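# A closer look at the structure
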Amino acid sequence: AYDYNAAAGTVARSDYLEIGHALQQNGNRLALDWKGGGHQVAMGWDASLANFRNTSNSPYTGSSVVSAFDPVPGTWISPDPYLPRMGSTLRQNALYIEDAWKINEQWLLMGGIRRDWYEFSRQDFVAKTGFDKDLNGTSWRLGLTRKLTAQSSVYAQMTTGHDPVTSLLSLAASQTGFTLSKGRQQEVGFKQQLADGRGEWTAALFHIAKGDIITRDPANSALSIQGGKQSSRGLELAGALQASPAFRVEANAAYTRARFDELIEAGGADRSGNRPANVPKVTANLWGHYREGGWRTSLGLRYVGSRFGDNANSAGKRLPGYTVLDAVVSWNASHQTTVSLIGRNLTNRVYATAAYNSQWLVGASRSVELMAQMRF
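Now for a look at the structure at hand. (Residues numbered from 1 in each chain as written. Predicted model: local features only at pLDDT ≥ 70, side-chain atom pairs only at ≥ 80, totals over all residues. Heavy atoms only, no water.)

## Details of the pattern of salt bridges
- In total, this model carries 13 salt bridges according to the counting rule given.
- With its nearest N and O atoms 2.8 Å apart, the salt bridge here joins Glu98 to Arg141. With Glu98 in strand β6 (residues 83-102) and Arg141 in strand β8 (residues 129-147), the pair connects residues that are 43 residues apart, well separated along the chain.
- Take Arg141: its relative accessible area is 35%, and that puts it in the partly exposed class.
- Its salt-bridge partner being Lys210, residue Asp163 comes within 3.1 Å of it at the nearest N-O pair. Of this pair, Asp163 sits in strand β9 (residues 152-163) while Lys210 sits in strand β11 (residues 199-217), placing them 47 residues apart in sequence.
- The network of salt bridges with shared partners includes Arg29, Asp46, Arg114 and Asp116. (Salt bridge = Lys/Arg side-chain N within 4 Å of Asp/Glu carboxyl O. Helix = DSSP H or I, 4+ residues; strand = E, 2+ residues; numbered from the N terminus. Buried < 20%, exposed > 50% of the residue type's maximum accessible area, 1.4 Å probe, protein only.)

## Structural notes on the environment of Thr176
- Its location among the elements puts Thr176 in the loop between β9 and β10 (181-193).
- Taking C-alpha positions, Thr176 is 9.2 Å from Asp134, a pair spaced 42 residues apart along the chain.
- The contact partners of Thr176, leaving out residues within four places of it in the chain, are Phe131 and Lys133.
- Side-chain polar atoms of Thr176 contact the backbone oxygen of Ala173, separated by 3.0 Å. (Contact = heavy atoms within 4.5 Å. Polar contact = N/O pair within 3.5 Å; in protein donor to acceptor, adjacent residues only side chain to side chain.)

Structure representation (structure tokens):
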């Protein structure tokens, strides 16, 4: 942390912080696919084990003062030892099955269900304490597709899901009473391919709702409880046009109306009806691709609309929208190797990607990357 003192012409430095994370993950999936009688069935078992260790110099004290204009940097010295502080283990198992049933040439019905089991254990190496926590949840999806013509179809689907209120590997003792947050999504859409393979386009309407998010207790805003809700609904459009054998255009855009249906923040402030921080209403992308022999050139625009910097939707913390220009030049050196030169933010636009407290996080400046992809 840095604190500038204009009158003294100095900068006070504090929070000498060092944090190390060590994570090891092992997992496997056993899957079985089966076809017959118009059915295409997939079933399986997912298993994983994660071991995590946090090492730090908590409580991160240490301070120094240097000149703001002619500083002597000195060295980084922390009075707090850098030691292992916490270790955790997460074992996850899941069983799933899904079926795509082709009823006839026009109708396709899809359904699936999944059950997850989480076994979490945490040890505090400093306080010599620990706890265990088991969580589990079931999710499912159901979808129906109707083929209108050889090139067009409509679909509808519903999906449920669940996730922890925070990363399970860093779950704190104060959060052991929380269960999994639950979500549900409904979507309807239309897809069409153009004649002679000249392109395709898709339109979709969606609604997503999530419950049991963390909010403050209405009777005591100092306490965090589950019970908050948030949702979003909107429209997505995507399309591609093969204008000529060498030139292809791709575009997509989305309008999202996101809001907190129920949320109380610290101090008792009610944010119900507000848009979540850092969420734009409009996003869009436009790309053009030109191919000649083994060469391909792509030019693209990325647009992100304005966002609020806080859940209070303060006008003074509104982040402006931005458009960024990117480009890619690729060369197929052989059937197995592709070399690409990637340029991002070519105009070197200064923009904010997100807000954190009262600060804006500045987006990446102009960059160039050389990448080789080799297939064996």
